[in-house]
Amino acid sequence: MSSSDIFIGETIGTAILILLGGGVCAAVTLKASKARNAGWLAITFGWGFAVLTAVYTSAPLSGAHLNPAVTLALAIKDKDFSNLPVYWGGQLLGAMIGAALVWVAYYGQFHAHLTDKEIVGGPGAQATAAKAVEAQEKGAGPVLGIFSTGPEIRNAVQNLLTEIIGTVVLVLAVLTQGLNDKGNGLGTLGALITALVVVSIGLSLGGPTGYAINPARDLGPRIVHALLPLPNKGGSDWSYAWIPVVGPLIGGAIAAGIYNVAFA
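None of the values given here were measured: they were computed from a predicted structure.

Q: So what about helix 5 (residues 107-114)? Which residues, and what values?
A: Helical periodicity: at 3.6 residues per turn, an α-helix aligns residues three or four positions apart in one direction. Every buried residue belonging to helix 5 is among Phe-110, His-113 and Leu-114, and all of these are buried. Seen end-on, helix 5 carries its buried residues on one side only, within an arc spanning 85°.

Q: Provide a residue-level description of the environment of Thr-176, including the pertinent values.
A: Along the chain, Thr-176 falls in helix 9 (residues 156-178). Given a relative accessible area of 35%, Thr-176 falls into the partly exposed group. For the pair Thr-176 and Tyr-259, spaced 83 residues apart in sequence, the C-alpha separation works out to 7.8 Å. In this structure Thr-176 touches Tyr-259 and Phe-263, once residues within four positions along its chain are discounted. Within the structure, Thr-176 has its side chain in polar contact with the backbone oxygen of Leu-172 (distance 2.6 Å).

Q: Lay out the packing of aromatic side chains with the relevant residues and their values.
A: In the structure shown here, the tally under the stated rule is five aromatic pairs. Between Tyr-259 and Phe-263 the ring centres are 5.8 Å apart and the planes differ by 20°, which places this aromatic pair in the stacked class.

Q: Just give me the short version of the side chain of Asp-237, but keep the residues and values in it.
A: Structurally, Asp-237 is set in the loop between helix 11 (215-227) and helix 12 (243-262). Judged by its relative accessible area of 5%, Asp-237 is buried. A polar atom in the side chain of Asp-237 sits 2.8 Å from the side chain of Arg-154. Beyond its immediate stretch of four places on either side in the chain, Asp-237 contacts Gly-139, Ala-140, Leu-144, Arg-154 and Arg-222.

Q: Account for the nonpolar core, naming residues and giving values.
A: Counting residues in hydrophobic clusters, the biggest one holds 58 residues, and the most contacted among them are Leu-17, Trp-47, Phe-110, Val-143, Ile-146, Phe-147 and Leu-230. For Val-143, the residues in contact, after removing those within four places along its chain, are Leu-30, Phe-110, His-113, Leu-114, His-225 and Leu-230.

Q: Run through empty space enclosed by the protein, naming residues and quoting values.
A: According to the stated counting rule, one finds one cavity of 30 Å³ or more in the structure shown. In this structure, the largest cavity encloses a volume near 30 Å³. Mapped by element, the contributors of at least two residues to the lining of the largest cavity are helix 1 (3-29), helix 4 (84-105), helix 8 (144-147) and helix 11. Residues belonging to the lining of the largest cavity are distributed by class as follows: seven nonpolar, one polar and one charged.

Calculation rules
Residues numbered from 1 in each chain as written. Predicted model: local features only at pLDDT ≥ 70, side-chain atom pairs only at ≥ 80, totals over all residues. Heavy atoms only, no water. Buried < 20%, exposed > 50% of the residue type's maximum accessible area, 1.4 Å probe, protein only. Helix = DSSP H or I, 4+ residues; strand = E, 2+ residues; numbered from the N terminus. Arc of directions from axis to C-beta. Contact = heavy atoms within 4.5 Å. Polar contact = N/O pair within 3.5 Å; in protein donor to acceptor, adjacent residues only side chain to side chain. Phe/Tyr/Trp six-rings, centres within 6.5 Å; stacked < 30°, edge-to-face > 60°. Core = buried A, V, L, I, M, F, W, Y, C linked by side-chain atoms within 4.5 Å. 1 Å grid on protein atoms, 1.4 Å probe; cavity = no way out; pocket = protein on both sides within 12 Å on 5 of 7 lines; lining within 4 Å. Points joined across faces, edges and corners; volume = space filled by probe spheres on them. Nonpolar A, V, L, I, M, F, W, Y, C, P; charged D, E, K, R; others polar.

None of the figures reported here should be taken as evidence of function without further support.
Okay, here's the thing in structure tokens:
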């Protein structure tokens, strides 16, 4: 695979991943969306189908890593780091493009949601406890969860360990099941297995932090959230942003080490 193929494939694939994954979060969250309040099952399966679509689309070009943690693990496994910057660059750019497309697709819903006084507070807002907490939250704005992840309980050690554990599961599944024998990326069955693993991680381990398990998936959309002209959008929670970047990278490295010891 050439560097241009890798960059284009990862950009397209990660953009699709975030468009569909962020899209289901928007659908469940935003006012005037037909899927509002559909719940955690909708989000987990939406992200799983997003992975399936993105992998199937981009695999012929780049091998469909779509995740810096996966790329790092493969580099450690193969002892070849030469393409790491190209993969990571395409993944971050693709994640930003996908997040921007979510905003375009839900433009009217974003405006309705972020101008609703019950959600953002202000004179005339209903004084419910939940809305007050949401309105007063300074670290994370009311739609940040559409773009990136955040913890239910803010404990840096636990949050970091949760992201590491989830990523180890994902990357081990990719290394042991997802790659075809020729090393050309994910085959059709591998794409389905990986998508189902993502659903499983979301259902079983996603509750504490929202299961980023992918640095580009979290960082790229968080940057877009900070840049978009969204009214009353609140903060982008940069104090937490290092955890869904560092945690998955550590998890990917650990998974590669386990693979080299147990499976190589």
